[in-house]
Amino acid sequence: MNLTLKIAWRYLKAKKTHNAVNIISIISVCGVVIATTALVCVLSVFNGFSGLMSDKLAKLDPQIKIQPVKGKTLNSDSIINTLNNIDEIEMSLPVIEEQALAVYMDKQMPVNIKGICQDYNKLTEFDDVIRYGAFELADSSHNYAIISILVASRLQSGAGFYDFIHIYTPKRQGTINLANPSGAFRKDSLLISSIYQTDQNTYDRDMIFIPIEVARKLLSYDNNIATAVEIKLRKNADETAVIKHLSTLLGDQYTVNDRLMQQESVYKMVNVEKWVTFLLLSFILVIASFNVISSLSLLIIEKDESITTFRNIGATDRQITHIFVTEGLLISFVGAVAGITLGVILCLLQQEFGLIKLAGDTSAVIIDSYPVRLIFSDLLIVFAMVGIVGLLTSFTTAVFMRSRLKNKKL
């Protein structure tokens with residue numbers, strides 16, 4: 001086997017008799033290198049965008065969220081009392097989420113309201129996403145709303161304005177008077193204390209945060225009613241273990257979700273795009289491997305006299321076949337190592353210097369260059385994919401070689 005490897009390595013690096021074989025050999029190696037580099041870079045860019053999205057959503061998404069399996073509401077007081085006995089939990093707060101209509105002067109739009117407590121900025125990193133104003137829900141005379149940047153744009157409102165934003169929700173009880181349709185809605189008015197921006201459509205599109213007391217009043221909920229309980233863990237707590245414990249403790253009437261589960265559709269979409277792109281680039285890698293097959297086929301034809309010599313000195317057809325199969329594997333291995341190395345270098349340079357910029361107006365985005373994030377498991381997957389393609393290439397070469405040896409006359 002060592003002799004087979006040595007001969008294959010010599011054939012790979014030695015100059016061929018015909019210049020065309022040299023050119024095709026170089027092209028075959030370069031094809032594998034470029035395709036492998038592209039795989040590494042594209043996966044790393046998707047990882048970068050996924051990480052950026054996770055960081056932004058993590059500003060407002062709680063570490064753990066408890067919701068009822070059936071219906072919209074739960075008894076937040078009883079759940080929070082249970083959570084207070086768990087040492088790993090630092091803080092738990094009730095929230096209320098519902099759809100509503102927001103009216104500001106002559107502008108109006110449907111919105112999602114989220115009723116939160118005054119300490120909500122301690123449970124999340126709300127202060128980090130506020131662009132104008134400050135986190136404030138109430139003072140001695142007024143209640144306040146915190147609106148997203150897109151809501152502010154559509155309603156043409158701003159933080160610190162003296163005009164009230166009016167929130168309307170349908171009455172949950174009673175009959176509708178057709179002569180007075182406005183009587184079918186409950187209304188509350190708030191000033192705007194701040195505007196936030198997460199750069200994620202999930203929160204920026206139509207979300208308004210209001211005091212939970214106002215939300216309960218609008219929806220006619222009792223003081224112990226909420227739609228979810230959100231949790232912040234202590235610094236060194238094991239999140240997976242806590243979720244498992246809470247699921248057992250609360251039973252099957254409630255769902256206990258981490259951040260990934262809360263935004264499952266968003267993360268799933270990014271992952272689907274990532275791996276579909278990976279498959280498309282892998283297809284390009286397969287096409288590039290045809291150059292390797294061509295190179296090996298020409299090499300087999302060129303080494304016709306050497307093959308005869310090997311036979312004359314006692315080499316079996318299997319040993320001769322292994323030489324060219326090994327060379328195909330060497331081309332894939334060299335291409336994979338070189339491509340992964342080049343891809344890692346390019347990603348590190350992009351990470352450090354931001355060489356490739358994003359197109360469009362950079363003032364409208366939070367980053368001006370493509371984000372990248374290297375994950376070791378992705379590098380292993382790329383290496384495995386190149387290895388599989390190399391095996392297929394070598395198998396094709398073996399079939400061609402055996403057919404040629406069978407038909408060759410001594």
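Because the structure is predicted, anything quoted here is derived from the model rather than measured. (Residues numbered from 1 in each chain as written. Predicted model: local features only at pLDDT ≥ 70, side-chain atom pairs only at ≥ 80, totals over all residues. Heavy atoms only, no water.)

A count of helices and strands for the protein chain gives 13 helices and 12 strands. The globule rule puts the C-alpha radius of gyration for 410 residues at 22 Å, and the 32 Å found for the protein chain is more than 25% above it. With respect to the three principal axes, the spread of C-alpha positions in the protein chain is 105 × 50 × 45 Å. With 410 residues in all, the protein chain has 45% of them scored as buried. The contacts of the protein chain with a sequence gap of at least 6 include a subset with a gap of at least 24, amounting to 79%. Accessible area for the protein chain stands at about 22100 Å²; split by element, carbon and sulfur atoms hold 57% of it. (Helix = DSSP H or I, 4+ residues; strand = E, 2+ residues; numbered from the N terminus. Rg over C-alpha atoms; globule rule 2.2 N^0.38 Å. Buried < 20%, exposed > 50% of the residue type's maximum accessible area, 1.4 Å probe, protein only. Contact = heavy atoms within 4.5 Å. Areas by Shrake-Rupley, 256 points an atom, 1.4 Å probe, with all protein chains shown as cover.)

Remark: helix α11 (residues 304–312) packs on helix α12 (residues 317–353), axes separated minimally by 10 Å, with the N-to-C direction vectors making an angle of 140°. With respect to α12, the element α11 is oriented oblique. Considering the relative orientation of α11 and α12, their crossing is right-handed. Contacts between α11 and α12 involve Ile 307, Phe 310 and Arg 311 from the former and Asp 317, Ile 320, Ile 323 and Phe 324 from the latter. Of the residues assigned to the contact of α11 with α12, the class counts are five nonpolar, no polar and two charged. (Axes fitted to C-alpha atoms, helices over the stretch in contact; angles between N-to-C directions. Parallel < 35°, antiparallel > 145°, perpendicular 65-115°, else oblique. Left-handed = near helix turned anticlockwise from the far one by under 90°. Nonpolar A, V, L, I, M, F, W, Y, C, P; charged D, E, K, R; others polar.)

This part takes up helix α1 (residues 2–13). The first and last C-alpha atoms of α1 sit 17 Å apart over 12 residues, in line with the 16 Å expected at 1.5 Å per residue. Those residues of α1 that sit buried are Thr 4, Ile 7, Ala 8, Tyr 11 and Leu 12. Across the axial projection of α1, the buried residues extend over an arc of 140°, all falling on one side. Every exposed residue of α1 that faces more than 90 degrees away from the buried side is listed here: Asn 2, Leu 3, Lys 6, Arg 10 and Lys 13. (Expected span 1.5 Å × (residues − 1). Arc of directions from axis to C-beta.)

Right, let's get into the pattern of salt bridges. Going through the model one piece at a time under the given rule, you end up with 11 salt bridges. Residue Lys 65 pairs with Glu 97 through a salt bridge whose shortest N-O separation is 2.7 Å. Of the two residues, Lys 65 sits in strand β1 (residues 64–68) while Glu 97 sits in strand β3 (residues 89–104), which places them 32 residues apart along the sequence. Judged by relative accessible area, which is 10%, Lys 65 ranks as buried. Close ionic contact of Lys 65 with Glu 230 constitutes a salt bridge, the shortest N to O distance being 3.9 Å. You can see Lys 65 sitting in strand β1 and its partner Glu 230 sitting in strand β11 (residues 228–233), a full 165 residues away along the chain. For Glu 230, a relative accessible area of 0% translates into the label buried. Here the salt bridges share partners, and the residues they tie into one network are Lys 65, Glu 97, Lys 114 and Glu 230. (Salt bridge = Lys/Arg side-chain N within 4 Å of Asp/Glu carboxyl O.)

If you look at soluble globular proteins, the nonpolar side chains tend to sit buried side by side. Judged by nonpolar contacts, the single largest core of 62 residues is most densely connected at Phe 126, Ile 165, Tyr 196, Ile 208 and Phe 209. A per-element tally of this core places β3 first, with eight residues. Non-local contacts of Ile 208, meaning those with residues more than four positions away in its chain, are made with Ala 102, Val 111, Asn 112, Ile 113, Lys 114, Ala 145, Ile 146, Ile 147, Val 151, Ile 165 and Ile 167. Counting residues in each nonpolar core, the second largest holds 33 residues, with Leu 299, Ile 307, Ile 340 and Cys 347 among its members. (Core = buried A, V, L, I, M, F, W, Y, C linked by side-chain atoms within 4.5 Å.)

With that settled, the discussion passes to the confidence of the model for the protein chain. Chain-level statistics for the protein chain give a pLDDT mean of 86 and a share of 92% at 70 or above. Within the protein chain, α1 has the poorest average pLDDT of any element, 75, and strand β9 (residues 207–211) the best, 97. (pLDDT = per-residue confidence, 0-100.)

Right, let's get into the pairing of strand β6 (residues 144–148). Across the five residues of β6, five count as buried, placing the element largely inside the fold. Sheet topology places β6 next to strand β8 (residues 185–196); five bridges connect them, and they run parallel. Note that in β8 the partner of Ile 146 across the bridge is Ser 194. Across two bridges, β6 lies against β9 in antiparallel orientation. Pairing of Ile 147 across the sheet is with Ile 208, part of β9. (Pairing = 2+ DSSP bridges.)

To continue, consider the packing of aromatic side chains. Using the criterion set out here, one finds nine aromatic pairs in the structure. Ring centres of Tyr 120 and Phe 209 lie 6.4 Å apart, and the angle between their planes is 35°; this geometry places the pair in the tilted category. Taken as a pair, Tyr 120 in helix α4 (residues 120–123) and Phe 209 in strand β9 lie far apart in primary sequence, 89 residues in all. Classification of Tyr 120 as buried rests on a relative accessible area of 1%. Under the relative-accessibility criterion, Phe 209 is labelled buried at 0%. (Phe/Tyr/Trp six-rings, centres within 6.5 Å; stacked < 30°, edge-to-face > 60°.)

What follows is about the side chain of Ser 148. Structurally, the position occupied by Ser 148 is in strand β6. Look at Ser 148 and you get buried, because its relative accessible area is 0%. With near-sequence residues (within four places) excluded, Ser 148 lies in contact with Ile 195, Tyr 196, Tyr 203, Asp 204, Arg 205, Asp 206 and Met 207.

Here Ile 165 shows up in strand β7 (residues 165–170). For Ile 165, a relative accessible area of 0% translates into the label buried. Along the primary structure Ile 165 and Thr 248 are separated by 83 residues, whereas in three dimensions their C-alpha atoms are 43 Å apart. If we ignore the near neighbours within four places in the chain, the residues touching Ile 165 are Ala 102, Val 103, Tyr 104, Ala 145, Ile 147, Leu 155, Asp 188, Ser 189, Leu 190, Ile 192 and Ile 208.

Attention now goes to the pairing of β7. Remember that side chains alternate between the two faces of the sheet whenever the strand is regular. Side chains Ile 165, Ile 167 and Thr 169 of β7 all project onto a buried face; the interleaved residues His 166, Tyr 168 and Pro 170 project onto a face where none is buried. Summarising the sheet, β3 and β7 pair through four bridges and their orientation is antiparallel. Residue pairing in the sheet places Ala 102 in a bridge with Ile 167 of β7. As judged from the six bridges shared by β7 and β8, these two strands associate in the antiparallel manner. The residue of β8 that forms the bridge with Ile 165 is Leu 190.

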